[in-house]
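Letter by letter, the chains look like this.
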2 protein chains.
Amino acid sequence: MSEPRIVEVRQKILKRNDMLAADLRARFRDAGVFVVSLVSSPGSGKTALLEKTLACLQPQLRVAALVGDLATDNDANRLALSGAPARQITTGAVCHLDAEMVDNALQGWELTGLDALFIENVGNLVCPSSYDLGEGLRAVLMSVTEGEDKPLKYPTIFNSADAAVITKIDLAAAVEFDAAAAVRNIRAMRPGLPILEVSAKTGDGMDEWLAFLRSRASEAAVGAGPARGR
Amino acid sequence: MSEPRIVEVRQKILKRNDMLAADLRARFRDAGVFVVSLVSSPGSGKTALLEKTLACLQPQLRVAALVGDLATDNDANRLALSGAPARQITTGAVCHLDAEMVDNALQGWELTGLDALFIENVGNLVCPSSYDLGEGLRAVLMSVTEGEDKPLKYPTIFNSADAAVITKIDLAAAVEFDAAAAVRNIRAMRPGLPILEVSAKTGDGMDEWLAFLRSRASEAAVGAGPARGR
């Protein structure tokens, strides 16, 4: 369970990742691009939310997306339909993105030509929490179909996030979702964490989500937000 | 992305896990206990299916459950309501169970007093695939709410499984689930993999699931099933 050697090797990798992520964060800041990462279980609706988000933010904002999966480039193809540049990162057996994968995927993209970059992580509520990607905002999604207890059972990922997004709220009644319990569980892990509720399908809550993103992007642009590092 | 040292350390850990799992498998066989593990995304309904399964199999079969989570013992408490012995394994930051955790959790349990043992893994579609737990049957669950593409995007876990269970079929219409596409995607990864469809909520498909388990348990008991090792 706790092999001293793997812990030591892992710590070195995390330290190296942190350094690469700090470089990325500086590049994003210098280029004036606001970077949002999305983490969640598989099937929580990251891609659906991102499709809608990219469509709504354009053409006012110049946006792009990177999307991680173990296999297939299905999601990048879906996101590219929005007209925004989208690239797939296939991780093979690796259960999360890391800063080096992001750095490699950005090759050839002129960051100054972007206002916002979205990074969709591999569907996983555990592994992505430890890997800083240089993002300015990390949003953890949980769908109403997953149950209200996820923040209690996967505390680390909620602790690494800057916002929680409850997705698929159009299904809340069908699955007897207890929104008050979900909010209580999120708050138990992270008092004060902003919580948004959306349905990418019906559009409910999208205005609040987009306003939240625009507000955070503006704060970052004027340097009003605190410097950030995990 | 591919650090030679972590690959080497990981291979040693996996090899050690395989040896422990082989010991467990021999103990399970000698004790005549059929062991089923469940893997899936967080929130796919592993615990709900297991609650119903434990309730239905008793008292004809003597059953017990181990359940893994990063934090909380909520699931063991839920499962214990069935009257079956249930123990929680809390993994901390570890994204999967391993054979040593299972071995430790079995301390003090008389295996010969059991007919079947269920092991619910941490909710994760990536990490658990590499860790043999000595089980006789590994079932991968995917809920209709997660989308039909999961087998393509998480091939390794489908390749490590002995059966696929499509869960929450009561919600299929609400989420416009394309069952034919899901089955096609599973078959593309694993031709011939048994596929079951259940709703723990309505009970639909439970008879087939229970019959499948009983049939596999009987095969294992008479040694009709092939010796198994990952």
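Criteria and thresholds
- Residues numbered from 1 in each chain as written.
- Chains lettered and ligands numbered in written order.
- Predicted model: local features only at pLDDT ≥ 70, side-chain atom pairs only at ≥ 80, totals over all residues.
- Heavy atoms only, no water.
- 1 Å grid on protein atoms, 1.4 Å probe; cavity = no way out; pocket = protein on both sides within 12 Å on 5 of 7 lines; lining within 4 Å.
- Points joined across faces, edges and corners; volume = space filled by probe spheres on them.
- Nonpolar A, V, L, I, M, F, W, Y, C, P; charged D, E, K, R; others polar.
- Contact = heavy atoms within 4.5 Å.
- Buried area = accessible area lost by both parts, 1.4 Å probe.
- Salt bridge = Lys/Arg side-chain N within 4 Å of Asp/Glu carboxyl O.
- Polar contact = N/O pair within 3.5 Å; in protein donor to acceptor, adjacent residues only side chain to side chain.
- Helix = DSSP H or I, 4+ residues; strand = E, 2+ residues; numbered from the N terminus.
- Buried < 20%, exposed > 50% of the residue type's maximum accessible area, 1.4 Å probe, protein only.
- Pairing = 2+ DSSP bridges.
- Axes fitted to C-alpha atoms, helices over the stretch in contact; angles between N-to-C directions.
- Disulfide = S-S within 2.5 Å.
- Least-squares fit on C-alpha atoms with pLDDT ≥ 70 in both.

**A word on empty space enclosed by the protein**
Summed over all chains, the structure comprises 1 cavity of 30 Å³ or more. Counted as a void, the largest cavity has a volume near 30 Å³. In terms of lining, the largest cavity is formed by Pro42(A), Ser143(A), Thr145(A), Glu146(A), Pro42(B), Gly43(B), Ser44(B), Ser143(B), Thr145(B) and Glu146(B). Residue composition of the lining of the largest cavity, grouped by class: 2 nonpolar, 6 polar and 2 charged.

**So, the interface of chain B and chain A**
Between chain B and chain A, the contact holds 44 residues from the first and 43 residues from the second. For the chain B and chain A pair, buried surface summed over both sides reaches about 3,800 Å², with 58% attributable to carbon and sulfur atoms. The tally of links between chain B and chain A comes to 6 salt bridges. In this structure, Asp69(B) engages Lys153(A) in a salt bridge whose closest nitrogen and oxygen atoms are separated by 3.7 Å. Taken together, chain B and chain A are joined by 10 residue pairs in polar contact (both at pLDDT 80 or more). Where the side of chain B that touches chain A is concerned, the elements lending two or more residues are α1 (4-31), α3 (74-80), α4 (99-105) and α5 (150-153) of chain B. Sort the elements by how many residues they give to the side of chain B that touches chain A and α1(B) lands first, with 7 residues.

**Focus: the side chain of Arg25(A)**
Residue and element names in this part refer to chain A. Relative to the helices and strands, arginine 25 is located in helix α1 (residues 4-31). A residue is classified by how much of its surface remains accessible, and arginine 25, at 10% relative accessible area, is buried. There is a polar contact of 3.0 Å between the side chain of arginine 25 and the backbone oxygen of glutamate 135.

**Points about the side chain of His96(B)**
If you trace the backbone, His96(B) turns up in the loop between β3 (86-90) and α4. When near neighbours in sequence (up to four residues on either side) are disregarded, His96(B) contacts Thr91(B), Met101(B), Asn121(B), Val122(B), Cys127(B), Pro128(B) and Tyr131(B).

**Observations regarding the sheet that holds strand β6 (residues 163-167) of chain B**
Backbone hydrogen bonds are what pair the strands of a sheet, in a parallel or an antiparallel way. All names here are of chain B. Pairing within the open sheet is parallel, and its 7 strands lie in the order β3-β2-β4-β1-β5-β6-β7. Two strands lie at the open edges of the sheet, namely β3 and β7 (195-197), each paired on one side alone. Across the sheet, the axes of successive neighbouring strands diverge by a mean angle of 20°, strand direction being ignored. Relative to strand β1 (residues 34-39), helix α8 (residues 206-221) is tilted by about 135°, and along the sheet it contacts β1, β4 (116-120), β5 (137-143), β6 and β7.

**Remarks on the state of the cysteines**
Residues and elements named next belong to chain A. The tally for this structure, following the rule as stated, stands at 2 disulfides over all chains. Here cysteine 95 engages in a disulfide with cysteine 127; their sulfurs sit 2.4 Å apart. Taking the torsion about the sulfur-sulfur bond, which here is approximately -100°, the covalent link between cysteine 95 and cysteine 127 counts as left-handed. Of this pair, cysteine 95 sits in the loop between β3 (86-90) and α4 (99-105) while cysteine 127 sits in the loop between β4 (116-120) and β5 (137-143); the two residues are 32 residues apart in sequence, bridging distant segments of the chain. Across the pair, exposure class does not vary: cysteine 95 and cysteine 127 are buried alike.

**Details of the environment of Asp98(B)**
Residues and elements named next belong to chain B. With respect to the secondary-structure elements, aspartate 98 resides in the loop between β3 and α4. For aspartate 98, a relative accessible area of 9% gives the class buried. For the pair formed by aspartate 98 and leucine 133, sequence separation is 35 residues and the distance between their alpha carbons is 6.0 Å. In this structure the side chain of aspartate 98 is engaged in a polar contact, spanning 3.1 Å, whose partner is the backbone nitrogen of glutamate 100.

**Quick notes on the relation of the copies chain B and chain A**
For the pair chain B and chain A, the superposition axis carries a translation of 0.0 Å, the fit reaches an RMSD of 0.0 Å, and the rotation angle comes to 180°. Put plainly, the chains are arranged around a two-fold axis. A high fraction, 98%, of the interface residues of chain B reappear at the interface in chain A, so the copies pair face to face through one surface.

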